[in-house]
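Report on the structure
Residue strings, one per chain:
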Amino acid sequence: TRANLATRSFPTAPVYICLDAGFQESRLDKEPEWPDLTRFKPPAPPRPAKEATEQAVALLKGAQRPLIMFGRGSRSAPFWQPRIALAERLGACVLTDLKQGAMFPSDHPAHYMPPFNVLGKPARQILCEADVILALDWMDLGGALRQARNVGKVTAKVISATLDQNLHTGANMEYQALSTVDVLMATTGDAVVAELVEALGKGGAKAPWKAREPGKSRGGGDGSVITMEQIASTLRAEFNNPEKVSFCTLGRGWPFDIWPIESGMTYLGKDGGGGLGSGPGLSVGAAVGLYEQGRYAVSMLGDGDFCMGATAIWTAARHRIPLLILINNNRSYFNDELHQDTVARTRGRETKNRWIGLRMENPTPDIAKLAEAQGAVGIGPVTKASDVKAALEKGVAILKKGGVCVIDFHVDPPPERAAISALGHRETGY
C-alpha cells in the first residue's frame, strides 16, 4: 500500500465486484470458499483460418491502392508497432475512428486524415478509390461502405476481420448493417495484423499511395475569440511530459496536428453510438485506471454531453480521482443542429429554424457551478482568449495535486455554421 494513499478514499487496485443478490443475502457462517481465478481466464482470440489468411495475403500483395481501416484493438504497446509495420509494408493509407481508442499514430504519413466521428466526404472518397480494403474490426463496416456509395462506386475487394457475426440474430441489430465482404476472417484485428506481418515478410517501407488530406485552414482572426487550437497548444505547454497525458474522450474539432495521437494511451475512445450524456461517466471510469498508471486524465466534452451526465463528477470528487474536463461549449446541442440543417436541405425546407429547441440559452447553464455542486472545482465561463492560459494553469495545477476540475470554455462554431445559426436566431424571433 502506498503511503500517499493512506488519507485517500481510493483503492490501490481498482476492482469492480458484482455479486449475485442471493449470495449477498445468504447467511455467512464461515469464510467463503473463493474460486481459483486462474481458471476463469478469457480465451486467446481465435487465429484466422489458413485459407482466409492466404486469400488476404494474395489480395494485398496485388493491391495498388490498399486502405486499412483500424477499428477495435488493444492499446497495449506491443500491438502498436506491428500496425505501423503493416501499413508501411503495403504502402497503405489508414483511417481511424474517434469512437475507438488510439490505434495508429495520427501524424504518420499513412494516416490519411484526422480521426473522425462521422464518415466525411474525404473518407468516403478514398473508400471509393481503394482497390483493396482491409477492415480490422471496424465498427459498422456495412454502414461505412453504404455511405461511401453516396459519392461514388466502391469497387475494392473487402477483407474483414471481426467477431461481430457472433452477435447476428434476427431480433436485434447490434452489428449494424451486414457488410459485403470478399474475405471474412473470424478473429480480432490484432490477430490478423500479426498474421499478415509474418506472412508478408520483410520488405522496405513504402510511401502511402495517396498523400494525406490537407488540414483545414484555421483562417485569420484578431485572436480575441477562443479556439480549440489555442486550448490544445496552451494545454500541451502546461505539461513537462505531455506523453503522460491520456485523453479519456474527445469530441469533434480536436486539433490533432497540435496534439497528435502518439501511442495507444494517448486517446482511450468514446461511446460506440455517438450518444449524449456518456462523456462524464466514461471520463471518471477511465480516470480510475489512469491514476494507477501514473497518467494524467483529461477529457474534452461538449456542453450538452456534460450537462446530461454531470452527476458522474461527484464520484470523482468523492473518491478523489484526479480528472480535468475541458468543456467545448457552443451553447447548443449543435450536432443535432447540423442534422436538422441536413434534413431541411434534403427536403427543400427552410434551414434558418434548425436551432429551435436545441440552443442552450436564455438561460445559459452555469457549467462551473454545476461542477462545483458535485464537489469539483469549476472555472468559467471563459469567454475571452486572453483568459485561456490562466484558466488552464489553474486547472492543470489542480489535476497534478490530485483534484477534479471542470473548465467551461465558450468556443463558437466555425464561422460558416455560426452565421447560419445566428441568422435563424434573428429571423425566427423564437
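Residues numbered from 1 in each chain as written. Predicted model: local features only at pLDDT ≥ 70, side-chain atom pairs only at ≥ 80, totals over all residues. Heavy atoms only, no water.

1. Remarks on the sheet that holds strand β8 (residues 323-329)
Basically, it comes down to this: Two strands qualify as a pair provided DSSP detects at least 2 bridges between them. Only DSSP runs of H or I with at least four residues qualify as helices, and only runs of E with at least two residues qualify as strands; both kinds are numbered from the N terminus onward. Orientation is described by lines fitted to C-alpha atoms, with helices fitted over the stretch in contact, and by angles between N-to-C directions that extend from 0 to 180 degrees.
If you trace the 5 strands from one edge of the open sheet to the other, you get β6-β7-β8-β10-β9, paired in parallel fashion. Of all strands in the sheet, those bounded by a partner on one side alone are β6 (245-247) and β9 (377-382). The sheet shows a mean angle of 20° between the axes of neighbouring strands, direction not considered. With 7 bridges joining them, β8 and strand β10 (residues 404-410) adopt parallel strand pairing.

2. Some points on helix α3 (residues 80-90)
The condition is simple: Whether a residue is buried, partly exposed or exposed follows from its accessible area with a 1.4 Å probe, protein chains only, as a fraction of its type maximum: under 20%, in between, or over 50%, in that order. This arc corresponds to the set of directions leading from the helix axis out to the C-beta atoms. The contact rule is simple, with two residues in contact once any of their heavy atoms fall within 4.5 Å.
Where α3 is concerned, the buried positions are W80, R83, I84, L86, A87 and L90. Buried residues of α3, viewed axially, fall in a sector of 160°; they line one side. Against α2 (50-61), β1 (66-70), β2 (93-96), β3 (132-136) and α6 (189-200) lie the buried residues of α3. In the segment just after α3, G91 is the residue with positive phi, at about 65°.

3. A word on the packing of aromatic side chains
As a reminder of what qualifies: Note on aromatic pairs: the rings of Phe, Tyr and Trp (six-membered ring only in Trp) are paired at centre separations within 6.5 Å, and the planes decide the class, stacked below 30 degrees, edge-to-face beyond 60, tilted for the rest.
Across all of its chains, the model carries 6 aromatic pairs by this definition. A ring pair is formed by F247 and W254, whose centres lie 4.9 Å apart and whose planes are at 55°; its orientation type is tilted. The same class applies to F247 and to W254, which are both buried. Three or more aromatic residues joined by ring pairs form one cluster here, namely F247, W254 and W259.

4. Some remarks on the nonpolar core
Condition: Among buried residues, those of type Ala, Val, Leu, Ile, Met, Phe, Trp, Tyr and Cys that are joined through side-chain atoms within 4.5 Å constitute a nonpolar core.
In this structure, I68, L235, W254, I407 and F409 are the most contacted members of the largest nonpolar core, which totals 61 residues. Considering every element that reaches this core, the biggest residue donor is helix α13 (residues 388-400), with 6 residues. Residues in contact with L235, not counting those within four places in the same chain, are F247, W254, W259, V298, L324, L326, L392 and V396. Residues V284, L301, F306 and L323 belong to the second largest nonpolar core, which totals 24 residues.

5. Examining the pattern of salt bridges
Between side chains of opposite charge, a pair can form when the charged atoms approach closely. Here is the rule we go by: The salt bridge criterion pairs a side-chain nitrogen of Lys or Arg with a carboxyl oxygen of Asp or Glu, the two atoms within 4 Å.
Throughout the structure, instances matching the rule amount to 11 salt bridges. Put simply, R72 and D164 hold a salt bridge, and the shortest N to O gap is 3.4 Å. Of this pair, R72 sits in the loop between β1 and α3 while D164 sits in the loop between β4 (157-161) and β5 (183-185), and the two are 92 residues apart along the sequence. Take R72: its relative accessible area is 30%, and that puts it in the partly exposed class. Of the residues examined, D164 reaches a relative accessible area of 15% and is grouped as buried. Where E262 meets R236, a salt bridge forms, and the shortest distance between an N and an O atom there is 3.7 Å. Of this pair, E262 sits in the loop between β6 and α8 (279-292) while R236 sits in helix α7 (residues 228-237); the two residues are 26 residues apart in sequence, bridging distant segments of the chain. Connected through shared salt-bridge partners, R72, D137 and D164 make up one network.

6. Quick word on a nonpolar patch on the surface
To keep things clear, this is the line we draw: Residues with no salt bridge and a relative accessible area higher than 30% make up the patches, which join like charges within 9 Å and nonpolar side chains (Val, Leu, Ile, Met, Phe, Trp, Tyr) within 5 Å. With residues, only the protein chains shown are counted as cover, and all accessible areas are computed by Shrake-Rupley using a 1.4 Å probe.
On the surface, I17, L19 and F23 cluster together to form a nonpolar patch covering roughly 300 Å² of accessible area. Residue position: I17 is located in the segment before α1 (21-25). With a relative accessible area of 61%, I17 lands in the exposed category.

7. So, the sheet that holds β4
In a beta sheet, neighbouring strands are held together by backbone hydrogen bonds and run either parallel or antiparallel to one another. Spatially, 5 strands are ordered β2-β1-β3-β4-β5 in an open sheet, and the strand pairing comes out parallel. Strands with a single pairing partner mark the edges of an open sheet, and in this sheet they are β2 and β5. The mean inter-strand angle of the sheet, taken between neighbouring strand axes irrespective of direction, is 15°. Packed onto the sheet, helix α5 (residues 141-148) meets β1, β3 and β4 and runs at close to 155° relative to β4.

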